[in-house]
Amino acid sequence: MAIPGNFMSAVTSSMDPNISGWTAKLNCTVALGTGGRVGDGCLVVTSVAAGSVEARSVASYKVTVGREYQTFGDTSGTVPQHRIGIRWLDAADAQISINWGVSTLTASASWHRVSSAAIAPTGAVRAQVLVGVLGIVAGDVNSFWENIYFGLPKRTTGNLLSFGAETIERASPPWSVDSNCSTARQTPAVTWEVDNYTAGGNTLAMTVTANGNASVRTSERPAVSAGTEYVGYCYLSPPTGPSSNAWVELRWYNAANSQIGTERAVLNAPGTGTYRQKVSATAPAGAVAVGLAAGLTSATAAQVLRVDGAVIHVAEPLREGSVVPYADASFEAGVGGWTVPTGVATLARLTPWGTDGLEGSYAGVLTSATATTSVLRSARFPIGAGAPGLNFSAEVGARVMSGGWTLTRAIRWYDAANTDLGATAGSPAAVPGSTWWYLRHDAVAPAGATQAAIEWTLTATATSSVLRIDAAALWQSLPLISVIGHDDLAYVTVTLRELTPGHRISVWRVTATGARTLVRGPAGLLESAVLTTDTLILEDYEAPLGVPVTYYAEARDTDDVVTATRSSPSVTLDAGDPDLCWLKDPANPQRNLRAMVVRPPEWSRPIQQSVHRVVGRRDAVIRSDVRGGLEGTLVVWTLSDAGAEQMHRLLDTGAVLLWQVAPGTHEEDQYVSVAAVSLPRLVPDRNEEWREWTLPLTVVGLPVALGVAGSAGRTWQDILTEHATWAEVLARYATWEDVLFNRPIGE
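Residues numbered from 1 in each chain as written. Predicted model: local features only at pLDDT ≥ 70, side-chain atom pairs only at ≥ 80, totals over all residues. Heavy atoms only, no water.

Draft legend 1. The overall build of the protein, seen in detail. Scanning the protein from terminus to terminus reveals 7 helices and 51 strands. For the protein, the C-alpha atoms occupy an extent of roughly 110 × 80 × 60 Å along the three principal directions. Across the 747 residues in the protein, those meeting the buried criterion constitute 46%. Summed over its atoms, the accessible surface of the protein is roughly 32,300 Å², and 52% of this surface lies on carbon and sulfur atoms. Across the protein, 53 positive and 67 negative side-chain charges occur, with their mean positions spaced 3 Å apart. (Helix = DSSP H or I, 4+ residues; strand = E, 2+ residues; numbered from the N terminus. Buried < 20%, exposed > 50% of the residue type's maximum accessible area, 1.4 Å probe, protein only. Areas by Shrake-Rupley, 256 points an atom, 1.4 Å probe, with all protein chains shown as cover. Lys, Arg positive; Asp, Glu negative; His and termini not counted. Charge placed at Lys NZ, Arg CZ, Asp CG, Glu CD.)

Okay, here's the thing in structure tokens:
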């Protein structure tokens, strides 16, 4: 499993099938071990004598002065002080300096993460990765290494905080003492998932100075928009010893840099491990910036709270279009605006951390001591002035833990003055089983409705009945599948909704004849692709021009049982001028272009034959292979220098292209490989912009493995966070396409 963005080869990173990418540097020998995380192999570094040991990567990797780089890896051993570092080299491969990460506090036979990050110093041209142990007291001591990364810093996409604030990898992380503590960087021996590349390594250790409350905060204060909901979280490792409560907090600041509000979530830790605690809130009026804080209440002097993985991001609904804020949709910080207006049932956040939940690490728990009826109701959520007559869906996950429940689901409506307009309810039914179920109710908003609440009327069928709830959503219902044609760029947007993450989906384009063709996604043709969200949005640039097509999707669970199907309405792309054609790169649709057809191909079908003339016989004996596919030469014009430059970009990669034409031209869309091209001016005049392109085409099959390149969630906010000025962006990237795909110059 290659680490995305790793400058190292997969062999050097994973030690599979060998350790050819590593060599001894100081007081050690290296060997191939077993029991790795990515594959079976791992690097064994064995001390020769007492003292520090170091091994290094054989290869060195190109770096840019002033650019920040990160290395991390997983290690284990019987001694503490494992560490990883970056060794900077000049143009003559001479060492300039080494940036070591913080050594591990304790020994651990389990795989645990170490990390280091630094800015390439003046004179640095290349870098190597060092792994080792500080101050071993004897020879023949082993340390084990695996899953090594070197490259650009790994940070959470969409995080408003910088890499340094999120990961604590920099020597001076952008965190400050808030009250009653001191800070340092430490590396505890914590085991993380092998592919959790943004977690682990260094942590911020807050040591309490005196008995009482203590806290730290980010020095960074990213910009926010008032009225927008944000989620903050970090990993907390609470202290041992006397009882104290760890917490994380969002803090809002106005234009004068004065704090104008806070929102806190308290960690209910089951022990002294590492736990991610979330907090969410809507930025209040006047807020222009936000910070994250963490701390302890009722702490004892010398207690230590460790903080890592700090993130602040714009809240995303658990269901597309849901109007339920995160604080009410999940139960990470408490019960939000949920209440029990009637009945004896009580509602609380399920504790401790990690006990159960559909989203995050907590759930809500409803408990009825008697076999009676109670009403559970959410806060009121705005649904818009145009809501009347529209269909809305309310959904909550539920799990029966003890007893039993009969449930009537409803949506309660309110007008702009908060007047209750009544509820639209379904029929009573038993809450199923003892596993998690998503329970949904649909209703049409009545006249005057501008707000809505989710309401459940629950009758406990036994004393001491307990029900857990989580992942609430309320949204205007949309078609399960929708299609939109974009004639200007000749593609169709296909949106599939209300799918099940973890299931596998296949999506086909269907013509009027019933012929099916798989639609292309980010990893190739969408056949049994694993869903990661409940909504799938595709851009089909290979849809034919001028003919109606529909789309059909089929989802299957892990037992290969069909769980959902979707069939779209028909959509037709305007073919436009029949004298124009499209030349498209299936993997990089941003390079697609439209050109004027001067002369369509005069197709030929070559064949390999051998003719044998037999002496004394009139007829020859001919041996033939099967006849080949179509070959021909397409001649097109580009009408400007910009058009010629676009054609160059399209042809540069030498990849398979799709040639598309309008109906009525007596040609079919073809996937083609383009041989050597010529592009003379139409007339021999230096002022002539028009170019005539002669494109020798060979028809090939549908490329199966090509995926559609996309931003993978990269946004302008990431660009703003990673760069101080637009001048830095211009200096770092050659083209806007490189900005989109995060391909810096020389890296």
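So much for the structure itself; the text now carries on.
Draft legend 2. Representation of the packing of aromatic side chains. Counted by the stated rule, this structure contains 16 aromatic pairs. Ring geometry for Phe7 and Phe150: centres 5.7 Å apart, planes at 85 degrees, overall edge-to-face. Placement of Phe7 in the segment before helix H1 (10–14) and of Phe150 in strand E11 (residues 142–151) is noted, with a sequence separation of 143 residues between them. Arranged with centres 6.1 Å apart and planes meeting at 25 degrees, the rings of Phe72 and Tyr197 form a pair that is stacked. (Phe/Tyr/Trp six-rings, centres within 6.5 Å; stacked < 30°, edge-to-face > 60°.)

Draft legend 3. Up close: the sheet that holds strand E34 (residues 481–486). The 3 strands are arranged E34-E35-E41 in an open sheet whose pairing can be described as antiparallel. With partners counted over all chains shown, the strands left at the sheet margins are E34 and strand E41 (536–540), one partner each. Across the sheet, the mean angle separating the axes of adjacent strands is 15 degrees when strand polarity is ignored. Examined bridge by bridge, strand E35 (residues 491–496) and E41 share 5 bridges and lie antiparallel to one another. Within E41, the residue paired with Val492 across the bridge is Asp540. (Pairing = 2+ DSSP bridges. Axes fitted to C-alpha atoms, helices over the stretch in contact; angles between N-to-C directions.)

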